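# Inside the fold
Listed below, chain by chain, are the residues.
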Amino acid sequence: MAAASSSPSASAAVVFAVNGERVELRDGDVGPGATLLEFLRTRTRFTGPKLGCGEGIPPPPPRFRGCGACVVLLSDYDAASGVASHAAAASCLTLVHALHHRAVTTTEGLRGGGVHAVHARVAGFHASQCGFCTPGVCMSLAAALAGAESREGRPGPPQGFSRLTAAEAERAVAGNLCRCTGYRPIADACKSFAADVDLEDLGLNSFWKKGDANVSKLPRYNEGGIGVFPEFLKAEIRASLEAADQCAPAALVGSGSSWHRPQTVEEYYKLVGSSELFSESRTKVVVGNTASGVYREAEVYDSYIDLRGIPELNSVNKDAKGVEIGAAVSISRAIEILRGEGDGYKDVVFAKIADHMEKVASPFVRNTASLGGNLIMAQRDQFASDVATILLAAGSSICIQVSSNRSIVTLEEFLKMPPCDHKTLLLSIYIPHWTPTGGLSGDRTMDRTGSAGGTSVLFETYRASPRPLGNAVAYLNSAFLAQVVSDDNSGSLILQDLCLAFGAYGTQHAIRARNVEERLVGKPITASVLLEACKILKKTIAPKEGTRHAAYRSSLAVAFLFSFLYPVTKGTLKPVKAVHANGCVASGTNGNTNCGPNRHTVASLNEINDVISGSHINDRILESSKQIIEINKDYLPVGMPAKKIGAELQASGEAVFVDDIPSPKDCLYGAFVYSTKPLAHVKSMELDPSLKQMKTVTFVTVNDIPEGGSNVGANTIFGPEPLFGDPITQCAGEPLGVVIAETQRLANIAAKRTVVNYSTENLDAPVLSIEEAVRRCSYFETPPFLLPQNIGDFSKGMAEADQKIYSAEVKLNSQYYFYMETQTALAVPDEDNCIVVYSSSQCPETAQNVIAKCLGLPCHNVRVITRRVGGGFGGKAVRSLPVVTACALAAFKLHRPVRMYLDRSTDMIMTGGRHPMKICYSVGFKSDGKITALHVDLFINAGMTKDVSPIIPYNFIEALKKYNWGAFSYDAKICKTNTVTRSAMRGPGEVQGSYVAEAIIEHVASMLSADTNLVRQRNLHTVDSLALFHSDCTEDAVGYTLPSICDQLTASGNYQHRLEIVQSFNKNNKWKKRGLSFVPVLHKVLSRPTPGKVSILNDGSIAVEVGGIELGQGLWTKVKQMAAFALGQLWADKSQDLMERIRVIQADTLSVVQGGWTTGSTTSECSCEAVRRACNILVDRLKPVKEQFQEKQGNVSWGELISKAKMAGVDLSAREYYVPGPSGTYLNYGAAASEVEIDLLTGSTTILRSDLIYDCGQSLNPAVDLGQVEGAFVQGLGYFMSEEYVTNSDGLVVSDGTWTYKIPTVDTIPKQFNVELLNSGFHKKRVLSSKASGEPPLLLAASVHCATREAIRAARKEPHCSGSATSPSHFDLEVPAIMPVVKDLCGLDNVEKYLESLLISE
């Protein structure tokens, strides 16, 4: 612990606690810009908080750190009341100098005397896979539990539960990203603490069997045990307050400090006036420092001014006219104030503002982000603020001070001012109460007490964003406030006053659409008036040039105005029992409104004034789930749903990932400099001269490769690829060199600011697209043995067809891996030209080979160790190799340890991802939907090097052949382009092939106007056609389970009933449509040779080593179960339970050779089989000893047996190299039915329900396999629905962080999520009859995309949404089907068309 001391020190700059231990920092101990995360991970032993978003310093546009891996609990103590408050905080944003007299709790600090209930329940509900995100999840949950305890007015919970509701428990982790689990088990673990949950509704867990749920079986939770504020810190706080009473508080913390904490506004301006701070040094003004997560600094600041100590900026003043909130008040606290928590008075407008604010960022960001800071960013930095928009509509004003002058201006005036500098201090924000006679100016002196008969205030807020619960910037946000009065003569409502605020759509700041307001005010609200306003508004909301989805954003503005005013438009008024404040959409619903405008009605104006907020805080994210498994007891403990090995260690932060390994003495840090040009000569690379004082050590380039080595950064069976682009860079994102510095942060900054000079002289134009590659014949060769055979005669099949489709086209984009742990390595030089490299890699053996080749060393000089990997999905295979090789090269050159941990932006830019493709197909079919022939032209964008791209055509075609196409032929081209290399990603080629099969089926169905599911069923394989299309995988009628799986999903009365409900819903709703679809999957896997080694130690404990790497897929767990089963066969009565004696240890390339690659879903079962065979060798050796011993004394225990065997000289270690035979290739089957609801106004898609059935054979561990199925499905949802992979004109990735790249979150998974693992019985050629589960289920996510297409098809039947295509029922739905894509297909002008149709009908 840094500068720990048992007593206070007068010279201490900062005193705080970490997990109850005192920390004292003096000036110079750490830099003023050091974050809490950086401090914890480099200066303490607590590495639970993880660096998931990365701390890169990319240039604009903004990126926000929002993964949640680094969450900690921050506690403050109020000495006056004696109360401690607790809140989750992002430690990567929290500055360590801002922690004075605060307490920090990491996940390690929850443990106390043992495993905390949070850790145990997360582990027991199987909610941790790779485990990298798990500490952050635990701390978000812990913070919610601590916060609920301190909430006033809540009754004490039943024993074992907390004061959280189930809805609050789910929302506690809404900001935490997880790429492995699919979120459902995380939500269940959280809800297990909620007093209002039915425990029987929770999913599969290790505490009880279904029907036997009881809170007493859960790890006990006691209130008051989280975030206990240390007594020593309380005493110091009280002592400091007493000292402050006797003398004026110092403006600075520490003499001559670089961290300044003024106690008054006057002290702040004294600091500002000092010439040194702003003229001679780089100074930053902060409150919560969350702005650095949006606009990451490209420089290091010398000094900071912390405004949190100024009481005026933290004050809250309420009166009858409104509320004034200090600028330093956190957004979370502002939400509590606006909700009137603790007050008797509730204001509906305030409550709606609060509801919307809950969609801003994540809880752990809102807790520290200040209200004023958000507005300053909106004003100064063009930040896409929701807060500015909604406060603008509410008529807010602000108090600012410039030097000695204070003034009150409206928020609108403030936003239009020149960008604020350090001389402008935002003091407070004033939000007025709204009564029927209130005006819209925000003038505090206006009389709001009068009452005009029939006058009402309508207020509503809106936002459309990729995630319903926030943690995503909006495409557009808006807020509207109107005063309406009833005209007794005409029966219409007239707008007396109106404020229409819009923001986040690609504009400088939030604006009022005053021209629209002027057109509407004073007029009755009729369809014609509304149509005219919509047309003006669409021209007004014009995003700046270069804004993505500009037309969509403009259409959203129209949609939101329509939603606001249509319910009170003349001719639409109908009596109802209750309405929202404007009879319209509830605030912050992401466009996922519960009812469209056609159902919004107003009973009376008086009734509007009496309504409550449209808060959905009690809505459950996950309505229900079901897991059906069958436990096979033939090979116990194999087949049991055992808890994942190390799950508690992962939850408590004790599990060690590569970046958690303590840095060796004299360790240096590296960061890549990569090319930003697609094809260019690299003329020179120079470090920014201004960074010389930043302790940058050196620059490693291709020139530093030692004699005898080579410029190689990766290698596969298809050939090597270079480590550095030299002398020509082939693509944007190619590594050019590595900057070495004394900290990772400084290395990152130096790398970003390295100046690279390029030249394109004498070079052709780069190939940046598949089309250009085809035009220039830029291809990689595909080995013939990797190309499947054609089936039948395509020409003959087309001749037999009744109808034909020619040259239809499908385009598919890339997908980034988004493992939570980015690429990382630690290289430590050893004696005699040796080197040890700790790598997060799926293929350590290949890493060893590549490093040795690069350095010119024999392989035995290179030792690569991999313990666990924080998510891989294929991205930690070949694409990890340049990282470990560059790290080893730097360490080898400098003779010092070097570690590299790529920031998220660099990782996303360099690593590539799934292969983009273009597919052209021609298909012939009968009138009944039976397909007779299919030809496919496949074009794959491989990027600049081969990697493993030559296997992608095979994978694509094999997955495409899940249907009987009659005659089938294809042509495949692997395009070489000047873009970043693509590599295998979970289901490589298969996910695209399976999806294209569905696109073809749907196209055929649309041409026939037939039911798509009937066409699917008609073209499923028979056993005979399956043998023809997949001749290397013989399957009998019993083994071919796909037809029965499809029947189970679609032939049931429940499915038909749901289909009828969908059709009825679509008939009765104009602005929402539903779709229901099912997708079958046939997925071929290939098993690979894998080693296994089992060693029995002197005390009878057992060490197991395998080539397979633990990525979170439960490989170690299955291997441990298999070893226990195999060795336990020595006792026929199974009396010896060996599970607790077994440890699976890390992969070490000098211990277990020929480790191979952990890819393709089969490494777990192959590792298990290798271990089983090694155990059988040991059993054969031990059996004679056991029999001899039993003859003498009867029963013998395991410990006694091993003791005797050792004395008898038995070799207690065995190794086996399992080489699968022909049975190593087999087919996996599954199907999914999904139902979605789309909003025609916003294009948002809500997944109402997904039902998955997956044939897992006889599962080796149903809990592990269930987690793989759910996790793969949700990762597939990202590919098909949300993950937009964007590059610039040079091919450089620009969606390079959590701000711009949206993987699924807990609020985007199916609301009803049901999974069944089908136990398909005995398969003698499989490993104990098991089947793979890692990749095939990802393909099932296409069911959601197909259901979305069905919903859009229903929408396009509406006159106001009809498309202009020749065939209205056929259209191309892009992948991913993001909100702008869906809205475009439903009509960007559907509101205008609808209003025009009303006028025509009138």
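To keep things clear, this report deals only with the structure shown in the data block. Note that the structure is predicted; figures quoted are calculated from it, not measured.

## Overview of the overall build of the chain
In terms of regular secondary structure, the chain is built from 38 helices and 44 strands. Radius of gyration (C-alpha) of the chain: 32 Å, near the 35 Å computed for a compact globule of 1402 residues. Along the first, second and third principal axes, the C-alpha set of the chain runs to 100 × 85 × 75 Å. Within the chain, the proportion of its 1402 residues that are buried is 64%. Sequence-distant contacts, at least 24 apart, represent 78% of the contacts inside the chain between residues at least 6 apart. Of the roughly 47,900 Å² that the chain leaves accessible, carbon and sulfur atoms contribute 50%. With 137 positive and 144 negative side-chain charges, the chain shows a spacing of 2 Å between the two charge centroids.

## Overview of the environment of Ile631
Examined against the element boundaries, Ile631 turns out to sit in the loop between strand 18 (624–628) and helix 19 (647–651). Sequence separation between Ile631 and Pro641 is 10 residues; the distance between their C-alpha atoms is 7.7 Å.

## Side note on unusual backbone geometry
Along the chain, Asp726 connects to Pro727 via a cis peptide bond; the corresponding omega equals -5°. Position of Pro727 among the secondary structure elements: in the loop between strand 23 (719–721) and strand 24 (728–729). The residue Cys777 is not glycine, and still its phi comes out positive at about 50°. The residue Lys1134 is not glycine, and still its phi comes out positive at about 55°. Assignment of secondary structure puts Lys1134 in the loop between helix 32 (1115–1128) and strand 39 (1142–1144).

## Looking at the packing of helix 12 (residues 371–380) against helix 13 (residues 386–393)
Interhelical geometry of helix 12 versus helix 13 gives an angle of 95° and a closest axis separation of 8 Å. The angle between the axes of helix 12 and helix 13 places the two elements in the roughly perpendicular class. Within the contact between the two elements, helix 12 uses Leu371, Asn374, Leu375 and Ala378 and helix 13 uses Val387, Ala388 and Leu391. Partitioning the contact of helix 12 with helix 13 into residue classes produces 6 nonpolar, 1 polar and no charged.

## Here we look at the pattern of salt bridges
Across all of its chains, the model carries 74 salt bridges by this definition. Put simply, Asp1239 and Lys1072 hold a salt bridge, and the shortest N to O gap is 3.4 Å. Here Asp1239, found in strand 42 (residues 1225–1239), pairs with Lys1072, found in strand 36 (residues 1072–1086); they are 167 residues apart in sequence, far enough to count as distant. Of the two residues, Asp1239 and Lys1072, neither departs from the other in class, the shared state being buried. What you see here is one network of salt bridges that share partners, running through Arg41, Lys50, Asp659, Asp660 and Arg899.

## Focus: the environment of Met1139
Mapped onto the elements, Met1139 comes out in the loop between helix 32 and strand 39. Separated by 17 residues in sequence, Met1139 and Met1122 have C-alpha atoms that sit 9.3 Å apart. Sequence-distant contacts of Met1139, defined by excluding residues within four places in its chain, comprise Pro637, Lys1120, Gln1121 and Ala1124.

## Re the sheet that holds strand 33 (residues 917–925)
If you trace the 5 strands from one edge of the open sheet to the other, you get 27-35-34-33-28, paired in mixed fashion. In the strand order of this sheet, the two ends are held by strand 27 (779–780) and strand 28 (803–812), each with one partner. Together, strand 28, strand 33 and strand 34 (931–943) form the strand contacts of helix 27 (residues 990–1008), whose direction differs from that of strand 28 by roughly 140°.

## Quick look at the packing of aromatic side chains
Applying the stated rule across the entire model yields 35 aromatic pairs. Measuring from ring centre to ring centre gives 5.2 Å for Tyr475 and Tyr552, while their planes differ by 85°; the resulting arrangement is edge-to-face. Placement of Tyr475 in the loop between strand 14 (455–464) and strand 15 (476–486) and of Tyr552 in helix 17 (residues 550–565) is noted, with a sequence separation of 77 residues between them. Residue Tyr475 shares its accessibility class with Tyr552, and that shared class is buried. Three or more aromatic residues link up through ring pairs in this structure, and these residues are Tyr462, Phe480, Phe502, Phe560 and Phe564. For Lys973, the ring lying beneath its charged end belongs to Tyr779, and the centroid distance is 5.8 Å. Positioned above the aromatic ring of Phe1078 is the side chain of Arg1016, whose terminal nitrogen or guanidinium carbon lies 5.8 Å from the ring centre.

## Observations regarding the sheet that holds strand 44 (residues 1312–1318)
Strand order in this open sheet of 5 strands is 18-44-43-42-36, and the pairing throughout is mixed. This sheet does not close on itself; its edge strands, each paired only once, are strand 18 and strand 36. The mean inter-strand angle of the sheet, taken between neighbouring strand axes irrespective of direction, is 10°. Examined bridge by bridge, strand 18 and strand 44 share 5 bridges and lie parallel to one another. Residue pairing in the sheet places Ser624 in a bridge with Gln1312 of strand 44.

## Points about the pairing of strand 34
Burial analysis of strand 34 places 12 of its 13 residues in the buried class, which makes it a mostly covered element. Connecting strand 33 to the antiparallel partner strand 34 that follows it, the hairpin turn spans 5 residues, and Gly929 within it adopts a positive phi of roughly 95°. Pairing geometry for strand 34 and strand 35 (residues 967–976), over 10 bridges, is parallel. By the bridge assignment, Leu934 is partnered in strand 35 with Phe968. Where the polypeptide runs from strand 34 across helix 26 (residues 952–960) and back to strand 35, its parallel neighbour, the crossover connection is right-handed.

## Considering the packing of helix 35 (residues 1262–1282) against helix 36 (residues 1342–1355)
Put simply, helix 35 and helix 36 touch, their axes get as near as 8 Å, and they point 40° apart. The angle between the axes of helix 35 and helix 36 places the two elements in the oblique class. Along the contact surface, helix 35 presents Phe1273, Leu1277, Phe1280 and Met1281, while helix 36 presents Ala1342, Ser1343, Val1344, His1345 and Thr1348. Across the contact of helix 35 with helix 36, the residue classes tally to 6 nonpolar, 3 polar and no charged.

## Remarks on the state of the cysteines
Using the criterion set out here, one finds 0 disulfides in the structure. Its sulfur unpaired, Cys975 is 10.0 Å from the next cysteine sulfur, which belongs to Cys777. The exposure class of Cys975 is buried, given its relative accessible area of 0%. We note that Cys1168 lacks a disulfide partner, and the nearest cysteine sulfur, in Cys1166, lies 9.2 Å from it.

## Description of the side chain of Ser370
Considering the arrangement of structural elements, one finds Ser370 in the loop between helix 11 (363–366) and helix 12. If we ignore the near neighbours within four places in the chain, the residues touching Ser370 are Val287, Ala327, Ala328, Val329, Ser330 and Ile331.

## Regarding the nonpolar core
By size, the foremost hydrophobic cluster in this structure holds 321 residues, and its most contacted members are Met357, Phe414, Leu960 and Trp965. In this structure, Phe414 is in contact with Leu375, Ile376, Gln379, Ile398, Ile400, Val409, Cys420 and Leu426, ignoring residues within four places of it in sequence.

## Quick word on helix 34 (residues 1198–1207)
Within the sequence span of helix 34, burial applies to Trp1198, Leu1201, Ile1202 and Ala1205. Taken end-on, helix 34 shows its buried residues confined to a sector of 95°, consistent with a single buried face. Within two residues after helix 34, Gly1209 carries a phi angle of roughly 75°, on the positive side.

## A word on the pairing of strand 9 (residues 316–319)
As judged from the 4 bridges shared by strand 9 and strand 10 (residues 322–326), these two strands associate in the antiparallel manner. Bridge pairing links Val316 to Ile325 in strand 10. Where strand 9 folds back onto strand 10 in an antiparallel hairpin, the turn is made up of 2 residues.

## Some points on the environment of His860
Its place among the elements puts His860 in the loop between helix 23 (844–855) and strand 31 (862–866). The class for His860 is exposed, based on a relative accessible area of 58%. Sequence spacing of His860 and Cys834 is 26 residues, and the spatial spacing of their C-alpha atoms is 8.1 Å. Reaching out from His860, the side chain makes a polar contact with the side chain of Asn861 at a distance of 2.7 Å.

Reading guide: rules and limits
Residues numbered from 1 in each chain as written. Predicted model: local features only at pLDDT ≥ 70, side-chain atom pairs only at ≥ 80, totals over all residues. Heavy atoms only, no water. Helix = DSSP H or I, 4+ residues; strand = E, 2+ residues; numbered from the N terminus. Rg over C-alpha atoms; globule rule 2.2 N^0.38 Å. Buried < 20%, exposed > 50% of the residue type's maximum accessible area, 1.4 Å probe, protein only. Contact = heavy atoms within 4.5 Å. Areas by Shrake-Rupley, 256 points an atom, 1.4 Å probe, with all protein chains shown as cover. Lys, Arg positive; Asp, Glu negative; His and termini not counted. Charge placed at Lys NZ, Arg CZ, Asp CG, Glu CD. Axes fitted to C-alpha atoms, helices over the stretch in contact; angles between N-to-C directions. Parallel < 35°, antiparallel > 145°, perpendicular 65-115°, else oblique. Nonpolar A, V, L, I, M, F, W, Y, C, P; charged D, E, K, R; others polar. Salt bridge = Lys/Arg side-chain N within 4 Å of Asp/Glu carboxyl O. Pairing = 2+ DSSP bridges. Phe/Tyr/Trp six-rings, centres within 6.5 Å; stacked < 30°, edge-to-face > 60°. Lys NZ or Arg CZ within 6 Å of the ring centre and 35° of its normal. Right-handed = clockwise from strand over helix to strand, strands pointing away. Disulfide = S-S within 2.5 Å. Core = buried A, V, L, I, M, F, W, Y, C linked by side-chain atoms within 4.5 Å. Arc of directions from axis to C-beta. Polar contact = N/O pair within 3.5 Å; in protein donor to acceptor, adjacent residues only side chain to side chain.

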